[in-house]
Amino acid sequence: MLRRSAPEEPEWYRTATRSVLLAEEAARTDSRQQVLAQQQAYEEQQRLAQQARAQQQAQAAYAHQQPGAQHAGAQQQASAAWAHQQAQHAAWLQQQSYTAHYVPAQAQANPTPRPTLRTWLLGGTVVVGSLVLALIFALYFGLSFGILTTLIGLVFALIPLAIVVPIFLWLDRFEAEPWRYLVTAFLYGALGSTLISLVLNTIGGVFLLGVTDPESANVLGAVIVAPLVEETFKGVFLLVMWWFMRKEFNGLTDGIVYAGIVAAGFAFTENILYLGRALTEGGTPAFVVTFVLRGIISPFLHPMFTTMTGIAVGMAALSRSTPVKVVAPIIGWCAAVLLHGLWNLSASSGTTGLILGLCFGFVAFVSFVAFVIWTRSREGKVIGEHLLPYADSGWISRDEVAMLASMKERRVARRWARASGGAVSLQSMRAFQDSASELALLRFRKLRHEADHDALQQERVLLDSMTARRREFAGA
């Protein structure tokens, strides 16, 4: 049996290994002599701070023993406290410069933690709300189609879902979004936006039946009401993410990913509805036609529509212009509604209209795929560009930057880490790459004046985390 050979040791790893090993050696260049001087200055500041603290304690004890000298002792104590504070501040400033001997005390396995209480509250709200909505849908489908038909529709609705979701997760590889947000996006699309759309579409249909004939009401409902309602409530999630989770919403890629996941959830529930209705009203032939049309030929339609809004919200997140931040999401929403309406119009216009719609949809799909590939490539370039300053200051090497800016090289690095150090080394490599992506996008936001007051602290945590993870997979 042929065995796969172990990957060769990459050049960036040799550079990283040398940087770790040199941390234990004497300075060899002017830059390393400067680094060593900075480290010595930091250690001296720490020593002075300890002396000031000891002096403060001694004076406090003396003042306690000599009541008549309390006033003078209080003054000396205040002076010592001030000196101690100044020494600590100076030590902190010295520590901000990278040193080859630096021990990453602020390193974290997860460099972007969230407060535990807030996480549990939000998570609990999402779980409880989702369970309630799922129960409502289960009752609705069970009463409308029966349990068996609903289960058949659910199983077949999983097939296009298994095609669509991995594509958007593939796009989200450079800077992976937290799984809890992706799950929330899917649940909102599958339950929240679907239920609201179902109710409002029904109300709109009843209104149209009151002002026109049934055939016209069906066409108008599909072409006008459904696109307006559905794209509005799918797009709401993107606006919420952009407004309240700006640290996680970094531009075009995130807009496309969240839009695609929300739309995939929406299409999943809608497919159960359409498949159950087709099997109940038209039997197996109608069920097969519906599944082929929605599950095989056009599984990406809903994600494509909603990504128009996602792209626009991503552009708004990247822009410094207030008019762009306001106008771009509106234009994206209009594009999503228009494309959705045109597709529904073609599907309501007989065989000829359906064929024209499929041809147009194919062209749109090819354009969409090309744009997605370009977006992913662009994100790699952005990461590489904004990691270079850290390479110039000695935190990482330029070879590591080249690896981190290429998804292909990242895969090679992970494969090498697993072959050389097993699961632990692979986990460290993944964390190193993820921290680097977070760091690059944080610097990107800082340069655009969009980072918050905690950005400097977060930057230091990410740098510490990268240093610690590199030492783990390099075995130093």
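Every chain's residues receive numbers from 1 upward, in the order its sequence appears when written. Thresholds applied to this predicted model are a pLDDT of at least 70 for local features of residues and 80 or more for the giving and counting of side-chain atom pairs; totals over whole chains, interfaces and linings are not thresholded and use all residues. Computation of side-chain values: all heavy atoms of the structure, hydrogens and water removed.

Undergrad: So what about the overall build of the protein? Which residues, and what values?
TA: Each helix and strand in the protein was counted, giving 14 helices and zero strands. To qualify as a helix, a DSSP run of H or I must reach at least 4 residues; to qualify as a strand, a run of E must reach at least 2; elements of each kind are numbered from the N terminus. From first element to last, N terminus to C terminus, the protein shows the α and β order α-α-α-α-α-α-α-α-α-α-α-α-α-α. At a minimum sequence separation of 6, the contacts of the protein that also span at least 24 residues come to 80%. To be clear on the numbers: accessible area is Shrake-Rupley with a 1.4 Å probe, and residue cover counts the displayed protein chains and nothing else. Put simply, the protein shows about 24900 Å² of open surface, and 66% of that area lies on carbon and sulfur atoms. Residue contacts follow a heavy-atom distance rule, with two residues in contact if any of their heavy atoms lie within 4.5 Å.

Undergrad: Give a description of the environment of Leu354 that names residues and reports values.
TA: Of note, Leu354 is situated in helix H11 (residues 350–392). Sequence separation between Leu354 and Trp343 is 11 residues; the distance between their C-alpha atoms is 8.3 Å. With near-sequence residues (within four places) excluded, Leu354 lies in contact with Leu293, Trp343, Ser346 and Ala347.

Undergrad: Summarise the pattern of salt bridges; cite the residues concerned and give the values.
TA: For salt bridges, the criterion is a side-chain nitrogen of Lys or Arg within 4 Å of an Asp or Glu carboxyl oxygen. Tallied over the entire structure, the rule returns five salt bridges. Among the salt bridges present, the one from Arg294 reaches Glu270, with a minimum N-O distance of 2.7 Å. Between Arg460 and Asp464 there is a salt bridge, with its nearest N and O atoms 3.1 Å apart. On the criterion of helical spacing, the pair formed by Arg460 and Asp464 is a turn pair, its members being four residues apart in helix H14 (residues 455–474).

Undergrad: Any chance you could break down the side chain of Asn344 for me, citing the residues and the numbers?
TA: One can find Asn344 in helix H10 (residues 322–347). Accessible area is worked out with a 1.4 Å probe on protein chains only. A residue is then buried under 20% of its type maximum, exposed over 50%, and partly exposed in between. Under the relative-accessibility criterion, Asn344 is labelled buried at 15%. Counting of polar contacts relies on pairs of N or O atoms within 3.5 Å, with two restrictions inside protein: one atom must be capable of donating a hydrogen and the other of accepting it, and residues adjacent in sequence are counted only when both atoms are side-chain atoms. A polar contact of 2.6 Å, which involves the side chain of Asn344, links it to the backbone oxygen of Ala222. Beyond its immediate sequence surroundings of up to four residues, Asn344 is in contact with Ala222, Val223, Ala226 and Pro227.

Undergrad: Outline the packing of aromatic side chains, listing residues and values.
TA: Ring geometry is summarised as follows: Phe, Tyr and Trp rings, the Trp one being its six-membered ring, pair when their centres sit within 6.5 Å, and such pairs are stacked at plane angles under 30 degrees, edge-to-face over 60 and tilted between the two. One pass over the structure, following the stated rule, counts 11 aromatic pairs. Each ring, one from Phe156 and one from Phe291, has its centre 5.2 Å from the other, and the planes form 80°; the classification is edge-to-face. Here Phe291 lies in helix H8 (residues 252–297) and Phe156 lies in helix H5 (residues 147–171), a separation of 135 residues in the sequence. Overall, the relative accessible area of 30% leaves Phe156 in the partly exposed class. Judged by relative accessible area, Phe291 falls into the buried class, the value being 14%. Aromatic ring contacts, followed pair by pair, group Phe137, Tyr140, Phe141 and Phe145 into a single cluster. Any Lys NZ or Arg CZ found within 6 Å of a ring centre and within 35 degrees of that ring's normal is scored as a charge over the ring. The residue whose ring lies beneath Arg180 is Tyr181, and the NZ or CZ to ring-centre distance is 5.1 Å. Between Arg294 and the ring centre of Tyr274, over which it is positioned, the NZ or CZ distance is 4.3 Å.

Undergrad: Give me the lowdown on the packing of helix H6 (residues 179–211) against H8, citing residues and values where you can.
TA: Packing of H6 against H8 brings their axes to within 7 Å, and their N-to-C directions diverge by 45°. Judged by the angle between their axes, H6 and H8 are oblique. The handedness of the crossing between H6 and H8 comes out as right-handed. Contact residues: H6 offers Tyr181, Leu182, Ala185, Phe186, Tyr188, Gly189, Ala190, Ser193, Thr194, Ser197 and Leu198, while H8 offers Val257, Tyr258, Ile261, Val262, Ala264, Gly265, Phe266, Phe268, Thr269 and Leu273. Of the residues that constitute the contact of H6 with H8, the class distribution is 15 nonpolar, six polar and no charged. Think of each axis as a best-fit line through the C-alpha atoms, taken over the contacting stretch in the case of a helix, with angles from 0 to 180 degrees between the N-to-C directions. Angles are sorted into four bins: roughly parallel if under 35 degrees, roughly antiparallel if over 145, roughly perpendicular if 65 to 115, and oblique for all others. Crossing chirality is assigned from the near helix's rotation relative to the far helix, an anticlockwise turn below a right angle marking it left-handed and a clockwise turn marking it right-handed. Gly falls in the polar group here, along with every residue not listed as nonpolar (Ala, Val, Leu, Ile, Met, Phe, Trp, Tyr, Cys, Pro) or charged (Asp, Glu, Lys, Arg).

Undergrad: Let's hear about H6: which residues, and what values?
TA: How far a helix is expected to stretch is found by multiplying one less than its residue total by 1.5 Å. The first and last C-alpha atoms of H6 sit 46 Å apart over 33 residues, in line with the 48 Å expected at 1.5 Å per residue. At Tyr188, H6 shows its maximal bend, which comes to roughly 40°. Every buried residue of H6 is listed here: Tyr181, Leu182, Ala185, Gly189, Ala190, Leu191, Gly192, Ser193, Thr194, Ser197, Gly204 and Leu208. For a residue, the bend is simply the angle between two axes, fitted respectively to the seven-residue segment ending there and the seven-residue segment starting there.

Undergrad: I'd like a description of the environment of Pro160, backed by residues and values.
TA: Assignment of secondary structure puts Pro160 in helix H5. Taking C-alpha positions, Pro160 is 8.5 Å from Phe300, a pair spaced 140 residues apart along the chain.

Undergrad: Please set out the confidence of the model for the protein residue by residue, giving values where relevant.
TA: Confidence of the predictor at the level of single residues is given by pLDDT, which spans 0 to 100. Summarising the model, the protein shows a mean pLDDT of 77, and 75% of its residues fall at 70 or more. Confidence drops under pLDDT 50 across residues 19–32; counting only partners more than four residues distant or on other chains, this segment forms 12 contacts. The model gives residues 92–103 a pLDDT under 50, and that stretch makes 28 contacts with residues more than four places away or in other chains.

Undergrad: Describe the nonpolar core, with residues and values.
TA: Side-chain atoms within 4.5 Å are what join buried Ala, Val, Leu, Ile, Met, Phe, Trp, Tyr and Cys residues into a set we call a nonpolar core. Ranked by internal contacts, the top residues of the largest apolar core, which has 43 residues, are Phe249, Tyr258 and Ile261. Elements with a contribution of two residues or more to this core: helix H4 (116–145), H5, H6, helix H7 (214–244), H8, helix H9 (301–318), H11 and helix H13 (407–447). At 11 residues, the largest contribution of residues to this core is made by H8. In contact with Tyr258, not counting residues within four places along its chain, are Glu177, Pro178, Tyr181, Leu182, Ala185, Phe237, Leu238, Met241 and Phe249. In terms of nonpolar packing, the next biggest core, distinct from the first, is built from 26 residues, Ile383, Ile396, Met466 and Ala474 among them.

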